[in-house]
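# Structural overview for review
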Amino acid sequence: MYDSSNERPEADVFAAALAMVPTPPASAEFDERVLEAVMTPDAPWWRRFAIPIRPALTGACCAVPLMLVLINWTVQVPPTERSTRPTPRTELTDQVMDQPYLTASALWWFTMVEPANPPGKAPAVPRSDSPDEQSTEPPSDTRGLS
Amino acid sequence: MSVHVEDRPWFVEAESVPPVIEDEGEWIAKARAREESAYRWLLDRYRERAIRLAAHVLRAPDEAEDVAQEAFVRAFRNIRSFRGESRFYTWIYHIVVRICLDRRKLARWTREVGMASAPLPSGEGSRASDTRILVEALMDRLTPPMRAALVLREIEGLEYEEIALVLEIPVGTVRSRLNTARSRFRDMWEAGDQEARNV
């Protein structure tokens, strides 16, 4: 077991020396600061939640008016000519898709279409009024045309 | 090495534990009722002790008052949770130590590393000031929990059981911490004496 009698001589010197180590005195307004902090009523419960979410609320407050302005602007701006006039590629695609008998070979045409066709360079699509002919031969096959 | 207190004219009796005041319970009851006079009474009684404990544990006198202030504010706001099973000073000391340790954790113990290499006093000179510097050097080398145990025992005069309560550690750990601190002090003391003889 611990024998406290052995510690006394050193402990006394130690305690005496420790007591000599200076410590800062309390300032004159120490009590007033403590009492002011204690007597001030606690913040309402909602404020504790409001503080952490304040950045998000601020962001939302800025984003909503900005979004309303953008929406208002996009509604008021007249549609441009480019957006209304279909490109040749769009026209061809529409024609293929509007066929009464949409077959696998017609869909196969889409794989041949280049991603970005310049206007006027759209690939030639074999068109035929006969649905049977379309269904039997792929459109790029030129045997029938020659 | 034998050390005799009688040989030291600078010996100052360390302050003992605060004397028991019978009506402290009444003041605490008034503090629970948010009476300002009770707050002032408790502040007047424990203010200096709280600042002193914080200064020793932190080894940063400029922060000590802030810590003590925060401790009192916390204590008074939560005084209804103080059930009176222990003395009020153990409770306020407990809060002070916790705030100190939290601050040290936040500071990532940088101050401890920086001050660990504090030089030992050597040579002739005022024995009292040498001892004081020696103790300060020792305190810098100890960890804050160890310093807390030391100050609570040697300056505040708490019993081991009370220190265990304040630091939330077993009594055996309190004893071992104090033994470690004292043996380090003895080693440093002997090293300082040896250096003084060699000069």
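Quantities reported herein were computed from a predicted structural model and do not represent experimental measurements. (Residues numbered from 1 in each chain as written. Chains lettered and ligands numbered in written order. Predicted model: local features only at pLDDT ≥ 70, side-chain atom pairs only at ≥ 80, totals over all residues. Heavy atoms only, no water.)

This paragraph deals with the overall build of chain A. Scanning chain A from terminus to terminus reveals 7 helices and 0 strands. When its helices and strands are written in sequence order, chain A yields α-α-α-α-α-α-α. Here chain A, with 146 residues, has 19% of them falling under the buried criterion. A separation threshold of at least 6 residues defines the contact pool for chain A, and within that pool the share at least 24 residues apart is 52%. Accessible area of chain A: about 11000 Å², with a carbon and sulfur share of 62%. (Helix = DSSP H or I, 4+ residues; strand = E, 2+ residues; numbered from the N terminus. Buried < 20%, exposed > 50% of the residue type's maximum accessible area, 1.4 Å probe, protein only. Contact = heavy atoms within 4.5 Å. Areas by Shrake-Rupley, 256 points an atom, 1.4 Å probe, with all protein chains shown as cover.)

Moving on: the packing of helix α2 (residues 36–58) of chain B against helix α3 (residues 61–77) of chain B. Residue and element names in this part refer to chain B. Running from N to C, α2 and α3 point in directions that differ by 135 degrees, and their axes come no closer than 8 Å. When the axis of α2 is compared with that of α3, the two are oblique. For the element pair α2 and α3, the recorded crossing hand is right-handed. Mapping the contact onto sequence places Y39, L42, L43, Y46, R47, A50, I51, A54, A55 and L58 in α2 and E63, A64, E65, V67, A68, F72 and F76 in α3. Residue composition of the contact of α2 with α3, grouped by class: 14 nonpolar, no polar and 3 charged. (Axes fitted to C-alpha atoms, helices over the stretch in contact; angles between N-to-C directions. Parallel < 35°, antiparallel > 145°, perpendicular 65-115°, else oblique. Left-handed = near helix turned anticlockwise from the far one by under 90°. Nonpolar A, V, L, I, M, F, W, Y, C, P; charged D, E, K, R; others polar.)

The interface of chain A with chain B comprises 33 residues on the first partner and 46 residues on the second. Interface area, chain A with chain B, both sides summed: about 3800 Å², of which 70% is carbon and sulfur. Taken together, chain A and chain B are joined by 3 salt bridges. For D31 of chain A, the salt bridge goes to R47 of chain B, with nearest N and O atoms at 2.8 Å. Linking chain A with chain B are 7 residue pairs in polar contact (both at pLDDT 80 or more). Counting residues per element, the ones that place at least two in the side of chain A that touches chain B are α1 (8–20) and α2 (30–39) of chain A. In terms of residue class, the side of chain A that touches chain B is built from 22 nonpolar, 3 polar and 8 charged. (Buried area = accessible area lost by both parts, 1.4 Å probe. Salt bridge = Lys/Arg side-chain N within 4 Å of Asp/Glu carboxyl O. Polar contact = N/O pair within 3.5 Å; in protein donor to acceptor, adjacent residues only side chain to side chain.)

Nothing here speaks to function; it is geometry throughout.
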